[in-house]
Amino acid sequence: MSVHNNAKKGDIADFVLLPGDPQRAKLIAETFLTDAKCYNEVRGMLGYTGYFNGKRISVQGTGMGMPSMSIYATELIEEYDVEKLVRIGSCGSIQENVEIMDIILAMSTCTDSGMNKLRFNGNDFAPAANFELIKKAWEVAKEKSINVHTGAVLTSDFFYGESHIKDSFLPWKTYGVLGIDMEAAALYSIAAKYNKKALAILTVSDHLLKEQAISAEDRLNSFKEMISLALELA
């Protein structure tokens, strides 16, 4: 049992899906898993363990932003011996050819957060996905004819940009960054620290260049391709 999770040792599988929204964790457990049991309700951050095609899987809400992701990823590894952590969430596209509802496999992450600057005494760290997981995800996506893009994403502390940084994503676009999320760099950094395997699979819910977005309800209910892809990685 940890500060933010009242699961007992053994309640959580060694493979965990990490949606930011706890209601998405509930939806996944009820829709995709069999014999799913809720192991955590602390702060409303729901967590479940069940089975998918005979494989034991957990799904744990993480909340929004790098600090929240860091808390849950650290405790899942330190307290519950989790080996593989797969973020399933949304992101905003900053490339013309990455459309709404496309899926991004985040090969590497950039960030405007100061968290890793503090960790590395002002130096840069390059958080990256686990090769085994991203290779398998790519192969499964091709088998299922799922439209995926593989490349870098920007993990940002900003959801609503201030006026003076409204177009701050443009340099990232120039250098080929595919989209912007708020958690992947934290997950990859924590996984690297503990030598665990991590991957972020992101569905494009917003397009910053085209000023398009899907609704909050669609974010919750329409990410089935991403979820089915992530489940195959177990």
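Here's what I pulled together on the structure shown here. Please read these numbers as outputs of a predicted model, since none were measured by experiment.

So, the overall build of the protein
Along the backbone of the protein there are eight helices and 10 strands. Its C-alpha radius of gyration of 17 Å places the protein within 12% of the 17 Å reference for a compact globule of 234 residues. Taken along the three principal axes of its C-alpha coordinates, the protein extends 45 × 45 × 30 Å. A buried classification covers 50% of the 234 residues belonging to the protein. Partitioning the intrachain contacts of the protein with sequence separation of at least 6 by distance along the chain shows that 78% fall at a separation of at least 24. For the protein, the accessible area works out to roughly 11100 Å², and carbon and sulfur atoms hold 51% of it. When the 24 positive and 30 negative side-chain charges of the protein are each reduced to one mean point, those points stand 4 Å apart.

Quick notes on helix H1 (residues 22-32)
Residues of H1 that are buried include every one of Pro22, Arg24, Ala25, Ile28 and Ala29, and no others. Seen along its axis, H1 keeps its buried residues to an arc of 155°; they face one direction. N-cap assignment for H1: the residue whose side-chain oxygen lies 2.8 Å from the backbone N of glutamine 23 is aspartate 21.

Some remarks on the side chain of threonine 49
You can see threonine 49 is positioned in strand E3 (residues 47-52). Engagement of the side chain of threonine 49 in a polar contact is seen with the backbone oxygen of aspartate 11, the distance being 2.7 Å. In contact with threonine 49, other than residues within four places in its own chain, are Asp11, Ile12, Ala13, Asp35, Ala36, Lys37, Tyr39, Arg56, Ile57 and Ser58.

Some words on the environment of arginine 87
Topologically, arginine 87 is positioned in strand E5 (residues 84-93). Taking the C-alpha atoms as reference points, arginine 87 and glycine 61, separated by 26 residues in sequence, lie 9.7 Å from one another. A distance of 3.1 Å separates polar atoms of two side chains, one belonging to arginine 87 and the other to aspartate 181.

Examining the environment of phenylalanine 158
Here phenylalanine 158 lies in the loop between strand E7 (148-155) and helix H5 (170-174). Judged by relative accessible area, which is 41%, phenylalanine 158 ranks as partly exposed. Separated by 144 residues in sequence, phenylalanine 158 and aspartate 14 have C-alpha atoms that sit 31 Å apart.

Focus on the packing of helix H2 (residues 66-80) against helix H6 (residues 184-194)
Angle between the axes and distance between the axes: these two values describe a pair of packed helices. Their axes nearest at 8 Å, the elements H2 and H6 cross at an angle of 30°. In terms of orientation, H2 lies roughly parallel with respect to H6. In the packing of H2 onto H6, the handedness of the crossing is right-handed. Contacts between H2 and H6 pair Met66, Met69, Ser70, Ala73, Thr74, Ile77 and Glu78 from the former with Ala185, Ala186, Leu187, Ile190 and Tyr194 from the latter. Looking at the contact of H2 with H6, its residues break down into nine nonpolar, two polar and one charged.

Topic: the nonpolar core
Of all hydrophobic cores here, the largest spans 63 residues; its most connected members are Leu17, Val86, Ile88, Leu199, Ile201 and Leu229. Not counting residues up to four positions away in its chain, the partners in contact with leucine 229 are Ile103, Leu105, Ala137, Val140, Ala141, Ile146, Val148 and Ile201. Counting residues in each nonpolar core, the second largest holds six residues, with Ile94, Ala152, Phe169 and Val177 among its members.

The rules behind each value
Residues numbered from 1 in each chain as written. Predicted model: local features only at pLDDT ≥ 70, side-chain atom pairs only at ≥ 80, totals over all residues. Heavy atoms only, no water. Helix = DSSP H or I, 4+ residues; strand = E, 2+ residues; numbered from the N terminus. Rg over C-alpha atoms; globule rule 2.2 N^0.38 Å. Buried < 20%, exposed > 50% of the residue type's maximum accessible area, 1.4 Å probe, protein only. Contact = heavy atoms within 4.5 Å. Areas by Shrake-Rupley, 256 points an atom, 1.4 Å probe, with all protein chains shown as cover. Lys, Arg positive; Asp, Glu negative; His and termini not counted. Charge placed at Lys NZ, Arg CZ, Asp CG, Glu CD. Arc of directions from axis to C-beta. Polar contact = N/O pair within 3.5 Å; in protein donor to acceptor, adjacent residues only side chain to side chain. Axes fitted to C-alpha atoms, helices over the stretch in contact; angles between N-to-C directions. Parallel < 35°, antiparallel > 145°, perpendicular 65-115°, else oblique. Left-handed = near helix turned anticlockwise from the far one by under 90°. Nonpolar A, V, L, I, M, F, W, Y, C, P; charged D, E, K, R; others polar. Core = buried A, V, L, I, M, F, W, Y, C linked by side-chain atoms within 4.5 Å.

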